[in-house]
Amino acid sequence: MHISARHDYAVQAMLAIAAAGGGPVKTSDLAAMQGIPVSYLPSILADLRRAELLSSRPGTDGGFSLARPIAQISVGDIMRAVSGALASVRGRPPHTITYTGAATALAGLWRSVHTFTSDLLDSTTLDRLLDADRALAAASPDHDRAGGGTGGPRP
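Residues numbered from 1 in each chain as written. Predicted model: local features only at pLDDT ≥ 70, side-chain atom pairs only at ≥ 80, totals over all residues. Heavy atoms only, no water.

Thoughts on the pairing of strand β2 (residues 63-66)
- Sheet analysis places strand β1 (residues 54-57) next to β2, joined by four bridges and oriented antiparallel. The residue of β2 that forms the bridge with Arg-57 is Gly-63. (Pairing = 2+ DSSP bridges. Helix = DSSP H or I, 4+ residues; strand = E, 2+ residues; numbered from the N terminus.)

Listed below in structure tokens is the structure:
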């Protein structure tokens, strides 16, 4: 599985909106909060809106908001929204790949990789990631100095 910048930025943007109470958050604020190039965000946010993971509201008080509760948005949902399938073998879905000879068992391995990857990403929701971040921040010896672990850089 290849995790592209597009995947990474999409998950970061969704986590930032979730951490901000679900929105609305402006594109420029998302870029600044997460260090994402502002030129990447419009198409990523449009994909997330089309997938009904985000809603948008125009205007000075507008921005992007989560379209569902954070417990109902998985990393798998986000990654599929911006790129389709979670895993592929030479650009094809793993279940369509077949081999002959000594490599016959390889098709099963690729299907297993896809299944395990999908299961992990589909069971990892935004609320679980935010809870994990808060737990790490609370356990950090720098917790008081670092501002409580709200997504900022860590040593």
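That was the structure; now back to the text.
Re the pattern of salt bridges
- Counting across every chain of the model gives four salt bridges.
- Notably, a salt bridge pairs Asp-47 with Arg-50, separated by 2.5 Å at the nearest N-O pair. Here Arg-50 and Asp-47 lie together in helix α3 (residues 41-50), a separation of three residues that amounts to about one turn.
- Using a relative accessible area of 57% as the deciding quantity, one classes Arg-50 as exposed.
- Residues Arg-68 and Asp-77 are paired through a salt bridge, measuring 3.8 Å at the closest nitrogen-oxygen approach.
- Overall, the relative accessible area of 24% leaves Asp-77 in the partly exposed class.
- When salt bridges that share partners are traced, they join Arg-6, Asp-47 and Arg-50 into one network. (Salt bridge = Lys/Arg side-chain N within 4 Å of Asp/Glu carboxyl O. Buried < 20%, exposed > 50% of the residue type's maximum accessible area, 1.4 Å probe, protein only.)

Some thoughts on helix α4 (residues 75-83)
- Taken together, the buried positions of α4 are Val-75, Gly-76, Ile-78, Met-79, Ala-81 and Val-82.
- Buried residues in α4 make contact with α1 (5-19), α3, α5 (106-123) and α6 (126-139).
- With its phi angle positive at about 85°, Gly-84 sits one or two positions after the end of α4. (Contact = heavy atoms within 4.5 Å.)

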